[in-house]
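Here is how the chains run, residue by residue.
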Amino acid sequence: MTRVKTALISVYVKTGIVEFAKLLHRLNVEIISSGGTAALLKKNKIPVKQISSVTGSPEMLDGRVKTLHPKIHAGILAKNTKKHLAELKKHGIKQIDLVVVNLYPFMQTAASTKNLEKIIEEIDIGGVALLRAGAKNFERVTVICQPIQYTAITQELISSNGVVSNNTRENLAIEAFSLTAGYDSLISNFFWEKFSKGKFA
């Protein structure tokens, strides 16, 4: 099992993230983040590296594009094989071992306004991609998709000096895939009700 060395944190719901990030810092985990999450961590004196400094690209399109970059996704999706590690080295990419992401509140927004533009902006793209990438590579990557998971992972990281067990990573992957499946289902249902008019039924 590999010790967690680098974490990517990008959360909409900030509950508990400062305490969790402080623990990661105490364990000498490098934290990569962006936007409001990075600002919050910096405000609480937690060292954080901006995603833009990792990718070499600024946040774009009013924040629609932040984490969608090979230097982020290759870092998450790389396996511990000689070929993958050599490719990372060639392109100057560091492995990311821990992904902490929760998603924009699409359904809450859809329920509280009829402003279609606001609703569409709450369709999370980068967050879903990060969760799916981390969950796909569960053999190496720990993926956390909701604040309620912080306590158990905190206890495991402390007791194992920064290592997360295979069993825990597997269970977290199940939860991440279940979350993204449900999220996409809500968006699909919204679009069917809003636009379909039975066209493709």
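Undergrad: Would you take a moment to explain the packing of helix H4 (residues 70-77) against helix H8 (residues 126-136) for this structure?
TA: Two measures define how a pair of helices packs: the angle their axes make with one another and the distance between the axes. Between H4 and H8, the shortest axis-to-axis distance is 8 Å and the interhelical angle comes to 30 degrees. Viewed along their axes, H4 and H8 adopt a mutual orientation that is roughly parallel. Of the residues in H8, those in contact with Ile72, His73, Ile76 and Leu77 of H4 are Ala129, Leu130, Ala133, Gly134 and Lys136. Here the residues of the contact of H4 with H8 are counted per class, giving six nonpolar, two polar and one charged.

Undergrad: Looking at this model, I keep getting lost on the sheet that holds strand E4 (residues 98-102). Mind explaining?
TA: Spatially, five strands are ordered E3-E2-E1-E4-E5 in an open sheet, and the strand pairing comes out parallel. The sheet is open, and its two borders are formed by strand E3 (49-50) and strand E5 (142-144), each paired with just one other strand. When strand E1 (residues 6-11) meets strand E2 (residues 30-33), the two strands line up parallel, connected through four bridges. The partner of leucine 8 across the bridge, within E2, is isoleucine 32.

Undergrad: Would you explain a positive patch on the surface in this entry?
TA: On the surface, a cluster of positive charge is contributed by Lys79, Lys83, Arg132 and Lys136. Mapped onto the secondary structure, lysine 83 falls in helix H5 (residues 82-91).

Undergrad: Is there a simple way to explain the environment of serine 178 in this structure?
TA: Tracing the chain through its elements places serine 178 in helix H10 (residues 166-196). In sequence terms serine 178 and leucine 68 are 110 residues apart; their C-alpha atoms lie 21 Å from each other.

Undergrad: So what exactly am I meant to see when it comes to the packing of aromatic side chains here?
TA: Within a pair of aromatic rings, the relevant descriptors are the distance that separates the centres and the angle that separates the planes. Using the criterion set out here, one finds four aromatic pairs in the structure. Summarising the aromatic geometry, the rings of phenylalanine 20 and tyrosine 150 are spaced 5.0 Å apart at their centres and angled 10 degrees between planes, so their arrangement reads as stacked. Linking phenylalanine 20 in helix H1 (residues 17-26) with tyrosine 150 in helix H9 (residues 150-159), this pair joins segments that are 130 residues apart in sequence. The exposure class assigned to phenylalanine 20 is buried, which follows from its relative accessible area of 2%.

The rules behind these values
Residues numbered from 1 in each chain as written. Predicted model: local features only at pLDDT ≥ 70, side-chain atom pairs only at ≥ 80, totals over all residues. Heavy atoms only, no water. Axes fitted to C-alpha atoms, helices over the stretch in contact; angles between N-to-C directions. Helix = DSSP H or I, 4+ residues; strand = E, 2+ residues; numbered from the N terminus. Parallel < 35°, antiparallel > 145°, perpendicular 65-115°, else oblique. Contact = heavy atoms within 4.5 Å. Nonpolar A, V, L, I, M, F, W, Y, C, P; charged D, E, K, R; others polar. Pairing = 2+ DSSP bridges. Patch = residues over 30% accessible without salt bridge, like charges linked within 9 Å, V, L, I, M, F, W, Y side chains within 5 Å. Areas by Shrake-Rupley, 256 points an atom, 1.4 Å probe, with all protein chains shown as cover. Salt bridge = Lys/Arg side-chain N within 4 Å of Asp/Glu carboxyl O. Lys, Arg positive; Asp, Glu negative; His and termini not counted. Charge placed at Lys NZ, Arg CZ, Asp CG, Glu CD. Phe/Tyr/Trp six-rings, centres within 6.5 Å; stacked < 30°, edge-to-face > 60°. Buried < 20%, exposed > 50% of the residue type's maximum accessible area, 1.4 Å probe, protein only.

Treat this as a map of the structure, not an account of what it does.
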